[in-house]
Amino acid sequence: MPTSSAAIISRPEELTERLSSGGGTPTGGGGDGGGEEEEAALVRAIRDVKNQIIGNKTKKLLYLELGAVPKIAAALVSPAASAALLVQAAAAVGSFACGVEDGARAVVSAGVVPHLTRLLSHPEEKVVDAAARSLKMIFQSTVAPKYDVLQEKNMNFLLSLLNSENENVTELAATIITHSCQRNAEQMALADAGVLQRLTSLLGGFLNQRDACLQSITAIVKNNSKVASKFVIMANGKAFNSLVELMKDRNPRTRLLACVCLIAIGNSYPYFFRDIQTKTKMILILLELLEEHGRVGDEAPSVLTNLIADNEELHKQAVSNNAVEKLCNFLGKSPIEARRLEGVSHLIVDALKHDNADVRVAACTCIKNIFRSLKNLGAGNFSSDSIVVPLIQLLHDRCTSVQFAALGAICNVSVNFTTRKSSFFQYGGVSQLIQLSKSMDSILRLKSVSALRNLIFLLDRKDKDNILIELSVPMLMSLICDDEHLIQEQALTLVGNFVDGCGDSIKHLFAEDNEILNVISRQLCNSCAPGVCIQGMFALSNIAAVNESLKAAVMNCVIPPETDNSTPLFILKFLQNKDKSLRVASLWCILNLVYPGCESSSSRIARLKDIGIISQLNTMVNDPCLDCKLRVRMVLEKCSDIENSQNDQ
């Protein structure tokens, strides 16, 4: 049986050779006809290559290795190239760039972009379409060149594309903007040039154009409050409302991109986008999109996470709409790809051990959010060891972002595992947290101290002592004096949690001349950070509640000996502060200094009177903060009771 010529010419090596030889030897005559036949053969060769690489990454990489891209790119340069050749060459280089970074890199390196750009003005519509589609694939890659929209000629070029009657060209313009718009100045320039108005007008076009415009709008408004505020008032709010309507579109990809765009606007300009009803609809839509196959289903979890992140009200809305159950059911159906698992991994144990660092981060974030939104959910569904052990192991992870995420999860988990914290001690979690609290990285220090703060909360006396012994009082004082205010705040909260409920067993914390109290006092005198002052006063309040000896020590911090009316006191300044939390913390400290009534209480009340603190409290009996008003009255009533009992004697 004769050998098939089609089988022979389909071999990649031979096809690549034909690309460089003008398509092979003409088979029909010479003269002018030979040139036409040669080009026709080249068109067939390029088309065959294109058909082989579409959807076939292996073939695509093979042709890249054989050097096919520069040979195909050469066809775009010829001024005498026919429309058929230009269409096939443009389609082929676009296919090489689609979905494979090495392919896109080879296409860009071959100098294809300017030649394809030139073809956008070709007289034949099919050439323009092919060039636009190819450029769109190239500009969807991270290796594509970026257009500097701050240059007038580039801005005019993009505007000309946006105003084209060709939908492929307008889609290309939106794709270029999404790829190139990264800085605030670029966002402002595009907004000032009227790009947002044009993109919004194109949302009623065909599907691909609409989706490209949604992505482009997102890129322009993202993290830019000025541009986002311009968009929401554009056309009296009609532009914003068009996005809300697109959440209901029949196409899943459009619904997803509309949600992404709305979330970007909400994050950039939260003052405007407060409509909890619309956000609840987004939660429901994104939960439905989890069931979609392919890219939409892959991206929906991370979009949902972005929507509800750090928003307690939206967490509650998600929970009330059975979000957790739906996520569990969805993720439990079958093996999940890494990209989809990255969004919201509820298969926590497996995800914490995943090879992909982003997935490990996502799993930690999932744990953190679950234990924040549903106080006891984890306690019911996971054993302490199944969660705690892998989290402790992640504290040793080589990827810093994983360590950050693990510490964030531990902060929330350690609060909820009140009765099962022994596993955290057993597997070395405390030791690693203390080690990380000494890190040169301020974020690691902050998160590790925060985790220790939560771990020590409501812990039994013996375990608290063990933590303090390993941490050491000098190290604790060093953290209170850290260069970062947030670390100072967490360290002071740790002191307050340590003291709370420990009774006389904490004497060794203040054994060395009450040095830790002196450190706290200096921070309160010198710090201007509200959080540091609030937690410092709560720490003093807890210390004052322990025993008479520490009440006296705290009193000397609040009102140092030999203080007179001319001496500025931090506690008076705090009682007069506009921050109600700082006033409340200061009042709790005073309350614990006068309780319970005894002879020492009388002397402390006298000092409070002499220095003007009682007078200040009398001005606060109608404080606008109900908690402050209650504490003020409790202090004044206690002072009055003690004074009356003394008079009766």
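From a predicted model like this one, the values you see are computed outputs, not experimental measurements.

What counts and how
- Residues numbered from 1 in each chain as written.
- Predicted model: local features only at pLDDT ≥ 70, side-chain atom pairs only at ≥ 80, totals over all residues.
- Heavy atoms only, no water.
- Helix = DSSP H or I, 4+ residues; strand = E, 2+ residues; numbered from the N terminus.
- Buried < 20%, exposed > 50% of the residue type's maximum accessible area, 1.4 Å probe, protein only.
- Contact = heavy atoms within 4.5 Å.
- Areas by Shrake-Rupley, 256 points an atom, 1.4 Å probe, with all protein chains shown as cover.
- Salt bridge = Lys/Arg side-chain N within 4 Å of Asp/Glu carboxyl O.
- Arc of directions from axis to C-beta.
- 1 Å grid on protein atoms, 1.4 Å probe; cavity = no way out; pocket = protein on both sides within 12 Å on 5 of 7 lines; lining within 4 Å.
- Points joined across faces, edges and corners; volume = space filled by probe spheres on them.
- pLDDT = per-residue confidence, 0-100.
- Axes fitted to C-alpha atoms, helices over the stretch in contact; angles between N-to-C directions.
- Parallel < 35°, antiparallel > 145°, perpendicular 65-115°, else oblique.
- Left-handed = near helix turned anticlockwise from the far one by under 90°.
- Nonpolar A, V, L, I, M, F, W, Y, C, P; charged D, E, K, R; others polar.

1. As for the overall build of the chain
(1) Moving on: Secondary structure summary: the chain contains 41 helices and zero strands in total.
(2) Moving on: Taken across its 649 residues, the chain has 52% of its residues classed as buried.
(3) Moving on: A sequence separation of at least 24 residues applies to 68% of the contacts in the chain between residues at least 6 apart.
(4) Moving on: With the model as given, the accessible surface of the chain reaches about 29900 Å², and the carbon-plus-sulfur share is 50%.

2. What to know about the pattern of salt bridges
(1) Moving on: Summed over all chains, the structure comprises 16 salt bridges.
(2) Moving on: With a shortest N-O distance of 2.9 Å, D482 and R445 are connected by a salt bridge. With D482 in the loop between α32 (473–480) and α33 (485–499) and R445 in helix α30 (residues 442–456), this pair connects stretches of sequence that are 37 residues apart. Considered together, D482 and R445 belong to a single accessibility category, that of buried residues.
(3) Moving on: Salt bridges here are not isolated pairs; linked through shared partners, they connect R11, E13 and E14.

3. Some points on helix α5 (residues 68–77)
Given 3.6 residues per turn, any residue in an α-helix points the same way as the ones three and four places further on.
(1) Moving on: Looking only at α5, the buried set comprises A68, V69, I72, A73, A75 and L76. Seen along its axis, α5 keeps its buried residues to an arc of 145°; they face one direction.

4. Digging into the layout of surface pockets
(1) Moving on: A volume near 640 Å³ is recorded for the largest pocket.
(2) Moving on: Taken together, 23 residues make up the lining of the largest pocket; nearest its centre are Q215, T218, A219, K222 and V260.
(3) Moving on: By residue number, the principal contributor to the lining of the largest pocket is helix α17 (residues 252–268), which donates seven residues.

5. Examining the confidence of the model for the chain
(1) Moving on: Per-residue confidence for the chain gives a mean pLDDT of 84; residues scoring 70 or more make up 85%.
(2) Moving on: Counting contacts from residues 1–9, a segment whose pLDDT is below 50, to residues more than four positions away or on other chains yields six contacts.
(3) Moving on: Low confidence marks residues 373–381, where pLDDT is under 50. Its contacts with residues over four positions away, or in another chain, come to twelve contacts.

6. Concerning the packing of helix α36 (residues 548–558) against helix α38 (residues 580–594)
(1) Moving on: With their axes 10 Å apart at the nearest point, α36 and α38 run at an angle of 135° to one another. In terms of axis orientation, α36 runs oblique to α38. For the crossing formed where α36 meets α38, the hand is left-handed. Along the contact surface, α36 presents K551, V554, M555 and V558, while α38 presents C589, N592 and L593.
(2) Moving on: Here the residues of the contact of α36 with α38 are counted per class, giving five nonpolar, one polar and one charged.

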